[in-house]
Amino acid sequence: MIYLDHAATTPMRPGVWDAMAPYTDVEFGNSSGIHLVSRRAKNALEEARESIAAAIGAGTLEIVLTSGGTESDNLAIKGAVFNESARRGLVTVATEHEAVLETGDFLRRIGMPVTVVGVDPEGRVDVEDLVSVIDDGTAIVSVMLLNNETGFVQDLARIVEAVKARDPEVLVHTDAVQAFASEPIDVAALGVDLMSLAAHKFGGPKGVGVLYVREGTALEPVQHGGGQELGRRSGTHDVGRAVGMAMAMDLALQDREDFGHRVGQIRGDFEKRLIAGVEGMVVNTPEHGRSPHHLNVRFPGVLNETLLVRMDLAGVAASAGSACQSGASEVSHVLEAMGLTPGQARESVRFSFGWPSTMVEAEEAAEIVTDLVEKLR
Amino acid sequence: MRALVAMSGGVDSSVAAAVMRDAGHEVVGVTLKMWSGPNGEAPTAGCCTVSDAEDARRVAGQLDIPYYVLDYTSEFRDGVVERFVSDYVSGRTPNPCIECNRTVKFDRLLRRLDDFESDVLVTGHHARSRYDGKHWSLHRGADRAKDQSYVLSMLTQRELTRARFPVGELTKPEVRSMASAMGLRTAHKPESMDICFVGRRDYRSFLAGSAPDAFVPGPMVDTRGHELGSHDGIAGFTVGQRRGLGVAVGEARFVVRIEPATSTVVLGRRDELGVAGVELAQVVWTSGEGGSGEVMAQYRAHGDPVPAVIEGDRLLFSDLQEAIAPGQTVAFYDRDRVLGGALIARTLL
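Just so it is clear, the model here is predicted, and its values are computed rather than measured.

Caption draft 1: Geometry of the domain arrangement of chain A. Residue and element names in this part refer to chain A. Splitting chain A by domain gives domain 1 (2-8 + 256-376) and domain 2 (16-251). Between the C-alpha centres of domain 1 and domain 2 the distance comes to 27 Å. Each partner contributes to the interface: domain 1 provides 26 residues, whereas domain 2 provides 21 residues. Contributing elements (two or more residues each) for the side of domain 1 that touches domain 2: α8 (239-277), β10 (294-298) and α10 (333-337). Top element by residues in the side of domain 1 that touches domain 2 is α10. It accounts for four residues. Looking at side-chain class alone, the side of domain 1 that touches domain 2 contains ten nonpolar, 13 polar and three charged residues.

Here it is in structure tokens:
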């Protein structure tokens, strides 16, 4: 099996499981108790938190541990909309992940003002458009850093600057879930107030993530309870997962520069082979401002559902975009927002590469895909 | 041979997949996503609920075969649901499950067999097909009580060549005990009866939501044209219906006819329900060679076949039949062999 769906999830990096395993049985303590077993768990947790904070240039108190990207997005947006300020509005972008867009739909249903702005054919949000819809009811602006379906990277620092220039009280959140493996992530440089990360996208365990919350940001919890995470996210800590995430972050950080170079080359080679082999193929991922590891392409005349099944039967795993619960492929809202017709979106496939990807498998996959597309036409 | 098995999540299609796999074929399981509600929600009743797809997925996992959910929502909406609505609006009584077989499974999916490099399409229907070296024929399933050849009566040589019904060779208890022996989670699952997109509610409330125009009030009259009352729309009625007519006239009354042009519902006594024959539409002969003459005709999924004669596009019953609704399917048999099928265009008094 050649796995080209690393944007969906990627395997844990070597050593991560070993680092987290003791916290499931030997060091099993609840980090919120008073006794030795708890203290040891608490120490491990806080050590992990320090390491996570350092990896993104944040303070330890600015790190809220969550169950992953979806929870972080929900907490950021609902937390900002329902905090003590009277501002209740959300402004976001049509190419966001469902965790943001569906949260927006929910807020709209309960009467909150929600505005979704469009993008240009490359997926770039027009900063002036975005800023123009902000009003004194806007609580938060949420813009994804690196698009999960196309790999397009927004000029986030510029967006944050423009939003803050318009109204410094508006909070800015970014879903950076896809970005950590390849992009420089420094919260000060990005200027955001809130940022979501998920460990399993960069070689850590599933079920754990981070919401970075800039010091002084008022956030209403979504999950109330025992008051963990300074009251911002209650629930017993999964120390093992936090430790695993911290280690994966460290490994990904060390590997980041090389990852961009190495994986970018593999992706580039794969792309070149497809372009050469498949007549009429269209690259949906824009040429500039893209990640090194995503590639979204369209095979005119071939239904992605059929191609993905055939690829799977031939041993190549990829996807049509973000995964839905039933497993049926749906029309990508991201590609539609970029101006593709539903029919064109149904001809599009996302290939995504990760830390274990190799040139040899990319070569082999390109050959299989080229061959299948020809057969299906 | 590679077999594409349409897995609904029920015990029959689970066992169909298992039988094909055990016969040494390469098996790929698929569930067709047919319907989602206005907010994308999956159906909660009928043959295609979320838990059914989940069951199909798990059975495929147990059988260690590849499994996919294929999106047929637009084909289903255009081919089945819209037809269902327009039939009721026109005073007919549709059978959406037959329409789904006809337009989705045995047409759109069958035509994609090559896409999936598959040789045959396998379903869990209780029916048997046979090949005599020249032609395929379709027969009732081994379990007469569970026979589903009626809903396959529109299949022709084109479809039968590439379709297989392994479960038709088995009785239902055999199917269940095989599933049980293999530890399949669907072994004891009850059968679904509801229409998937309507769910457990009344089909009328579905129509009221999807086709409010179908509910044009009109008169209720007796067979001599005397007005007995009024109704909210013909879509709420089916020939033979007795309950919910909203008129009290002493003796039991039934819907004997629906006249869509004037939105009229005609009520009559039981002896006025009698139908001597029907006019046929979309007649299909399994052999592909046409036919006429004496047949046994079955006009309900689980009804008994009755003797009849086909003359051109007319089917004339030997004895008067009761409560036949235009829009329903009639299947023709020679003993257990399916000769063909047709839609009932209108009834002949």
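Caption draft 2: Inspection of the domain arrangement of chain B at higher detail. All names here are of chain B. When cut into domains, chain B gives domain 1 (2-124 + 165-181), domain 2 (215-271) and domain 3 (274-348). Computed over C-alpha atoms only, the centres of domain 1 and domain 2 are separated by 37 Å. Counting from both sides, the interface comprises five residues of domain 1 and, opposite them, seven residues of domain 2. Considered class by class, the residues forming the side of domain 1 that touches domain 2 number two nonpolar, three polar and no charged.

Caption draft 3: Looking closely at the packing of helix α9 (residues 304-313) of chain A against helix α12 (residues 359-376) of chain A. Residues and elements named next belong to chain A. Where α9 contacts α12, the axes come no closer than 10 Å and their chain directions differ by 130 degrees. In terms of orientation, α9 and α12 fall into the oblique class. In this structure, α9 crosses over α12, and the sense of that crossing is right-handed. Listed contacts from α12 to T306, L307, R310 and M311 of α9 are I368, V369, L372, V373 and L376. Classifying every residue of the contact of α9 with α12 by side-chain character gives seven nonpolar, one polar and one charged.

Caption draft 4: Molecular detail of the environment of A297 of chain B. Residue and element names in this part refer to chain B. Take A297: it is sitting in strand β13 (residues 293-298). Accessibility expressed as a C-beta count within 10 Å gives 26 for A297, which makes it buried. Put simply, A297 and V338 are 41 residues apart on the chain and 9.9 Å apart in space, counted from C-alpha to C-alpha. Discounting residues that sit within four places of it in the chain, A297 has contacts with P305, V306, A308, L315, V330 and F332.

Caption draft 5: Up close: the nonpolar core. One finds Y212 of chain A together with V5 and A17 of chain B to be the most contacted residues of the largest nonpolar core, which totals 214 residues. Considering each element in turn, this core owes the most residues, 14 residues, to α8 of chain A.

Caption draft 6: Spotlight on the sheet that holds strand β3 (residues 67-71) of chain B. Residues and elements named next belong to chain B. One open sheet accounts for five strands, arranged β3-β2-β1-β4-β7; its pairing is parallel. One side of each edge strand has no neighbouring strand; the edge strands of this open sheet are β3 and β7 (163-164). One ladder, built from five bridges, connects strand β2 (residues 26-33) with β3; its direction is parallel. Among the inter-strand pairings, T31 is bridged to a residue of β3, identified as V69. Helix α1 (residues 11-22) contacts β1 (2-6), β2 and β4 (120-122) of the sheet and is inclined by roughly 170 degrees relative to β1.

Caption draft 7: Examining the sheet that holds strand β9 (residues 227-231) of chain B more closely. Residue and element names in this part refer to chain B. One open sheet accounts for four strands, arranged β9-β8-β11-β10; its pairing is mixed. Each edge of the sheet is formed by a strand with only one pairing partner; in this case those strands are β9 and β10 (254-259). The sheet shows a mean angle of 30 degrees between the axes of neighbouring strands, taken without regard to direction. Here five bridges tie β10 to strand β11 (residues 264-268), and the two strands are oriented antiparallel to one another. Of the residues in β11, the one forming a bridge with I258 is V265.

Caption draft 8: A look at unusual backbone geometry. One non-glycine residue, L230 of chain A, lies in positive phi territory at about 55 degrees. Along the chain, L230 of chain A turns up in the loop between β8 (209-213) and α8. We classify L230 of chain A as exposed; it has 12 C-beta atoms within 10 Å. Notably, A323 of chain B is not glycine yet its phi reads approximately 55 degrees, a positive angle. Relative to the assigned elements, A323 of chain B resides in the loop between β15 (314-322) and β16 (329-334).

Caption draft 9: Main features of helix α6 (residues 156-166) of chain A. Residues and elements named next belong to chain A. Among all positions in α6, only L156, I159, V160 and V163 are buried. The buried residues of α6 occupy one face: seen down the axis, they fall within an arc of 100 degrees. Residues of α6 that are exposed and angled more than 90 degrees away from the buried face: R158 and A165. In the core, the buried residues of α6 are packed alongside α5 (127-132), β5 (138-142), β6 (171-175) and α7 (187-190).

Caption draft 10: Representation of the pairing of β15 of chain B in the model. Residues and elements named next belong to chain B. Pairing of strand β12 (residues 274-285) with β15, which is carried by five bridges, proceeds in the antiparallel orientation. Within β15, the position partnered with E279 by the bridge is R314. Across four bridges, strand β14 (residues 306-311) lies against β15 in antiparallel orientation. Along β15, the bridge assignment pairs A308 with F317.

Conventions adopted
Residues numbered from 1 in each chain as written. Chains lettered and ligands numbered in written order. Predicted model: local features only at pLDDT ≥ 70, side-chain atom pairs only at ≥ 80, totals over all residues. Domains from an automatic or database assignment. Contact = placed C-beta atoms within 7 Å. Helix = DSSP H or I, 4+ residues; strand = E, 2+ residues; numbered from the N terminus. Nonpolar A, V, L, I, M, F, W, Y, C, P; charged D, E, K, R; others polar. Axes fitted to C-alpha atoms, helices over the stretch in contact; angles between N-to-C directions. Parallel < 35°, antiparallel > 145°, perpendicular 65-115°, else oblique. Left-handed = near helix turned anticlockwise from the far one by under 90°. Buried ≥ 20, exposed ≤ 12 C-beta atoms within 10 Å, placed from the backbone. Core = buried A, V, L, I, M, F, W, Y, C linked by C-beta atoms within 7 Å. Pairing = 2+ DSSP bridges. Arc of directions from axis to C-beta.

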